[in-house]
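Residue-level structural notes
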Amino acid sequence: MLDSGLGGRLVLVTGAASGIGLAAAKILGGEGARLALWDVNADGLEAVPTDGAASVERAIVDLSDTTTVATAVDALPGPVDAVIHCAGIYTTSPLPEVDEASWDRVLDVNLKGAFNISQAVAPGMIENGGGAIVLFGSFAARTGGLRASAPYAASKAGVAGLTKHLAQWGGPNGIRVNCIHPGFIQTPMNAILSDQAKADAVAATPLRRLADPPECAAMAVVLASQLASFVHGVELDVNGGMYMA
Ligand code: NAP
């Protein structure tokens, strides 16, 4: 049996109310982790099933707000052992339609949010002898995406660069940092896409299907766990072969 070592560990999942974060929270519950679940979607957050978890704390936290994130980390019951940072937003506006406000919002949530949470948990992890951070990029960081907007692709490419920086900085302090680039995972995030866009995504995926959230969430849990104890600074594609590095 493989032992994730996450039983009794404090694991923070952001974007936990939906999609990949929700799937990660369920898996982590099964591992007996102590869960901290954050999102801006209060109803969704309250409904997350956490069977098996050693403890559960839920909080409404907007990841784009640096002070809010720092305060929320301080309010957690101890240093965080691992973070699976799924909170994000997706837009598809063509370049001429991207206005300054939408550029700023996507960068604030997707890129500044990743920075905010990483910076906020790092001191506690160092004091605690280490930890693991899993960030979420995207297939769009690799290729520009199929329908993704410029700010979305740019924000996710930024997350990839941030991952490398954090890995350089955090490694000597025992903090492992990795990033997942999902392909097309069937979550509420993709509800805005047309059937044609989904068919195009299937056609662009050598496995010829879209993925279910647990298929991506499981990889995040592994990266957050001792099973990935020597995996560091990696950009892991979970995309059915849509992009092969
Ligand atoms: P999802 O189902 O939309 O879940 C994301 C969650 O984050 C939602 O509950 C959302 O709330 C929340 N959120 C949005 N802004 C937030 C903020 N400022 N602070 C805190 N929470 C916030 O998305 P997903 O598909 O699971 O995606 C998870 C991660 O994978 C994202 O970073 C996404 O960009 C990335 N990704 C996903 C795919 C895919 O195919 N699904 C592909 C590539 C990359 P609201 O619903 O209220 O906005």
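Data block above holds the structure.
Attention here is on the structure that accompanies the text.

Points about the pattern of salt bridges
Here the structure, examined in full by the defined rule, presents seven salt bridges. For Asp200, the salt bridge goes to Arg147, with nearest N and O atoms at 2.8 Å. Highlighted residues: Asp200 in helix H7 (residues 195–203) and Arg147 in the loop between helix H5 (139–143) and helix H6 (150–170), separated in sequence by 53 residues. According to the relative accessible area criterion, Asp200 is partly exposed, its value standing at 28%. Assessed through its relative accessible area of 31%, Arg147 is described here as partly exposed.

Observations regarding the nonpolar core
Among soluble globular proteins, nonpolar side chains are generally buried collectively. Counting 32 residues, the largest nonpolar core has Leu28, Leu37, Ile84, Val134, Phe136 and Ile180 as the members making the most contacts within it. Counting only elements with at least two residues in this core, the list comes to strand E1 (10–14), helix H1 (19–30), strand E2 (34–39), strand E4 (82–85), strand E5 (131–136) and helix H8 (213–224). Apart from the residues lying within four places of it in its own chain, the contact partners of Ile180 are Val134, Leu135, Phe136, Gly137, Ser138, Cys216, Met219, Ala220, Leu223, Leu236 and Val238. The next biggest cluster of nonpolar side chains, apart from the first, holds 27 residues, and it includes Leu135, Leu162, Leu166 and Ile175.

Comments concerning the sheet that holds strand E3 (residues 55–60)
What the seven strands build is an open sheet, ordered E3-E2-E1-E4-E5-E6-E7; its pairing is parallel. Only two strands of the sheet have a single neighbouring strand rather than two, namely E3 and strand E7 (235–238). Put simply, the sheet's adjacent strands are angled 15° from each other on average, direction ignored. Examined bridge by bridge, E2 and E3 share six bridges and lie parallel to one another. Across the sheet, the residue bridging to Leu37 is Arg58, located in E3.

Here's the deal with the environment of Ala17
Residue position: Ala17 is located in the loop between E1 and H1. What makes Ala17 buried here is its relative accessible area of 9%. Sequence-distant contacts of Ala17, that is, excluding residues within four places in its chain, are made with Leu22, Asp39, Asn41, Gly44, Leu45 and Val48.

What to know about the environment of Ala120
Within the element layout of this structure, Ala120 appears in helix H4 (residues 100–127). Those residues in contact with Ala120, other than ones at most four positions away along the chain, are Val69, Ala70 and Val73.

As for the packing of H4 against H6
Direction vectors running N to C along H4 and H6 enclose 15°, while the axes themselves pass 8 Å from each other. By the criterion of interaxial angle, the relationship of H4 to H6 is roughly parallel. For the crossing formed where H4 meets H6, the hand is right-handed. Facing H4, whose interface residues are Trp103, Val106, Leu107, Asn110, Leu111, Ala114, Phe115, Ser118, Ala122 and Ile126, H6 presents Ala150, Pro151, Tyr152, Ala154, Ser155, Lys156, Gly158, Val159, Leu162, Leu166 and Trp169. Considered class by class, the residues forming the contact of H4 with H6 number 16 nonpolar, four polar and one charged.

Examining the pairing of E5
Of all six residues making up E5, six are buried, and the element is well covered by its neighbours. Across the two faces of E5 the burial is the same, with Gly131, Ile133 and Leu135 and Ala132, Val134 and Phe136 all buried. Where E4 meets E5, three bridges bridge the pair, whose relative direction is parallel. Residue pairing across strands places Ile84 opposite Val134, the latter belonging to E5. In this region the chain leaves E4, passes through H4 and returns to the parallel neighbour E5; the handedness of that crossover is right-handed. The sheet contact formed by E5 and strand E6 (residues 175–182) spans six bridges and is parallel.

Conventions and cut-offs
- Every chain is numbered independently, its residues counted from 1 as its sequence is written.
- Totals for whole chains, interfaces and linings use every residue, but because this is a predicted model, local features are given only for residues with pLDDT of at least 70 and side-chain atom pairs only at 80 or more, for both listing and counting.
- Note that water and hydrogens are dropped before the side-chain values are worked out from all heavy atoms of the structure.
- One side-chain nitrogen of Lys or Arg within 4 Å of one carboxyl oxygen of Asp or Glu is enough to make a salt bridge.
- Going along the chain from the N terminus, every DSSP run of H or I of four or more residues is numbered as a helix, and every run of E of two or more is numbered as a strand.
- Burial classes: relative accessible area under 20% of the type maximum marks a residue as buried, over 50% as exposed, and values in between as partly exposed (1.4 Å probe, protein chains only).
- Think of a nonpolar core as a cluster: buried Ala, Val, Leu, Ile, Met, Phe, Trp, Tyr and Cys residues, connected wherever their side-chain atoms sit within 4.5 Å.
- Residues count as neighbours in contact if any of their non-hydrogen atoms are within 4.5 Å of one another.
- Each pair of strands is called paired provided DSSP finds at least two bridges between the two strands.
- Angular values range over 0 to 180 degrees, each being the angle between N-to-C directions of two axes fitted as lines to C-alpha atoms, with helices fitted over their stretch in contact.
- By the definition adopted for this analysis, an angle is roughly parallel if under 35 degrees, roughly antiparallel if over 145, roughly perpendicular if from 65 to 115, and oblique otherwise.
- Handedness of a crossing is defined here by the sense of rotation of the near helix relative to the far one, left-handed for an anticlockwise turn of less than a right angle and right-handed for a clockwise turn.
- Residues are grouped as follows: Ala, Val, Leu, Ile, Met, Phe, Trp, Tyr, Cys and Pro are nonpolar; Asp, Glu, Lys and Arg are charged; all remaining types, including Gly, are polar.
- The crossover handedness rule: strands pointing away from the viewer, path from first strand over the helix to second strand clockwise, crossover right-handed.

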